[in-house]
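Tertiary structure, described
Listed below are the residues making up each chain.
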Amino acid sequence: MAFENLLLERDGAIAVVTINRPKVLNALNTQTLDELRRVVLELGHDAGVHVVILTGAGEKAFVAGADINELAVQTPTSGREHALTGQHVLDLIENLGKPVIAAINGYALGGGCELAMACTLRLAADTAKLGQPEINLGIMPGYAGSQRMSRLVGKGKAMELILTGAPIGAAEAERIGLVNRVVPAAELMTAARALAADLAKNAPIAMRYIITAVNKGLEMPFAEGCVFEATLFGLVASTDDMREGTTAFLEKRKPAFKGK
Ligand code: CO8
């Protein structure tokens, strides 16, 4: 599949997707969003891919937001459609059923921060800056940032970040739970690939159900979430990988999972 604004690299069970518009700090225009949608669907259907890494081209930015050239000329109708499209693409990422690691190599602002929040895990370079600066443009988050931010960092910090528009550094982002881990910029991709390689050894069906249980469970009352978890647990107990994992433990060897 050919992409104009994305690079796609496969390395065994790991796929690396790089948003590649460095001249505009990898801003998400309509075409890039559509390419993201297509690549996510493709990787979701590819049984050989177990983990995805998402990053930005160049050393300055992960994604500096939605493309402001397009925002500047939007109408109420096109703005709503654009927001819904972005939300849909980010939903696909969040619910891909395979871990998606955001390797945040610089600015993750506005739609870029929203994109990172839709990923399963976030590693940030120590030089990264994250924030929701939409308020400075007289607008507000539109790719579900107002919803995911409060779920990740709590209501108080979400209000502060979105209302002030002030970006925060990687260390502060780690402190409040906006990113999982900060690493030196030069080591970001090595760390992301190492984490991806660790995850890629896991049983794919178990990972899929864990992601589903956490994502869907957050939208359910606790008791219903527990019943949902038990049902997925029952399903995972039917897999060859469950037998392999438990047998390997008892035989004191490493398991070899097959995704069945
Ligand atoms: N869109 C378009 N172009 C951009 C963007 C962007 N988001 N960000 C940077 N660029 C361009 C600049 O215009 C500049 O282009 P040129 O070289 O032609 O002048 C180039 O990238 C380099 O940027 P700077 O010269 O500004 O680089 P600096 O190092 O001086 O500054 C910053 C870096 C601080 C990241 C600065 O570029 C900046 O503030 N960018 C905008 C950040 C922002 O406001 N992002 C939020 C956008 S709104 C959004 O994401 C809403 C999402 C939800 C939409 C819902 C649907 C409607």
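Residues numbered from 1 in each chain as written. Predicted model: local features only at pLDDT ≥ 70, side-chain atom pairs only at ≥ 80, totals over all residues. Heavy atoms only, no water.

**Looking at the site of the ligand**
How we decide: Consider each residue's heavy atoms; a residue with any of them within 4 Å of a molecule or strand counts as near. Here a polar contact is taken to be a pair of N or O atoms separated by no more than 3.5 Å, where protein atoms must pair a possible hydrogen donor with a possible acceptor and residues adjacent in sequence count only if both atoms sit in side chains. All accessible-area figures derive from a Shrake-Rupley calculation using a 1.4 Å probe, and residue coverage is judged against the displayed protein chains alone. All amino acids are sorted into three groups, where Ala, Val, Leu, Ile, Met, Phe, Trp, Tyr, Cys and Pro are nonpolar, Asp, Glu, Lys and Arg are charged, and the leftover types, Gly among them, are polar.
Around the ligand, 26 residues are found, and the nearest of them are Lys60, Ala64, Ala66, Ile68 and Gly111. With respect to the ligand, the backbone of alanine 66 contributes an N or O atom lying 2.8 Å from an oxygen atom. Relative to its unbound accessible surface of 1,100 Å², the ligand loses 65% to contact with the protein. Classifying every residue of the shell around the ligand by side-chain character gives 13 nonpolar, 8 polar and 5 charged.

**A closer look at the pattern of salt bridges**
The condition is simple: What makes a salt bridge here is a side-chain nitrogen of Lys or Arg within 4 Å of a carboxyl oxygen of Asp or Glu, nothing more. Think of it this way: any DSSP run of H or I at least four residues long counts as a helix, any run of E at least two long counts as a strand, and we number them from the N terminus. Type-normalised accessible area, obtained with a 1.4 Å probe on protein chains alone, sets the label of each residue: buried when under 20%, exposed when over 50%, and partly exposed for intermediate values.
The tally for this structure, following the rule as stated, stands at 16 salt bridges. Here aspartate 91 ties to arginine 148 by a salt bridge, and the two come within 3.0 Å at their closest N and O atoms. Residue aspartate 91 is located in helix 3 (residues 76–94), and its partner arginine 148 is located in helix 5 (residues 145–153); the two are separated by 57 residues in the primary sequence. Residue classification places arginine 148 among the buried positions, given a relative accessible area of 8%.

**A few points about the nonpolar core**
Condition: We call a set of buried residues a nonpolar core when its members are Ala, Val, Leu, Ile, Met, Phe, Trp, Tyr or Cys and they connect through side-chain atoms within 4.5 Å of each other. Two residues form a contact once any of their heavy atoms are found within 4.5 Å.
Ranked by internal contacts, the top residues of the largest apolar core, which has 47 residues, are Ile104 and Leu178. With near-sequence residues (within four places) excluded, leucine 178 lies in contact with Cys113, Met117, Arg122, Leu130, Met149, Leu152, Val153, Ile168 and Ala173. By size, the runner-up hydrophobic cluster in this structure holds 17 residues, among which are Ile53, Ala191, Ala196 and Leu199.

**Concerning unusual backbone geometry**
Comment: phi is negative for the bulk of residues other than glycine, and the bulk of peptide bonds are trans. Positive phi, close to 70 degrees, is recorded for alanine 144, a residue that is not glycine. Its place among the elements puts alanine 144 in the loop between strand 8 (129–131) and helix 5. Judged by relative accessible area, alanine 144 falls into the buried class, the value being 17%. In this structure, lysine 252 takes a positive phi of about 55 degrees despite not being glycine. Mapped onto the elements, lysine 252 comes out in the segment after helix 11 (240–250).

**What to know about the domain arrangement of the chain**
Heads up, the rule is: Start and end positions for the domains come from either an automated domain assignment or a database one.
For the chain, the domain assignment lists domain 1 (6–200) and domain 2 (204–250). Averaged C-alpha coordinates put domain 1 and domain 2 at centres separated by 27 Å. With 9 residues of domain 1 at the interface, the matching set in domain 2 holds 6 residues. Viewed at the interface, domain 2 and domain 1 are joined by 2 residue pairs in polar contact (both at pLDDT 80 or more). Here the residues of the side of domain 1 that touches domain 2 are counted per class, giving 3 nonpolar, 4 polar and 2 charged.

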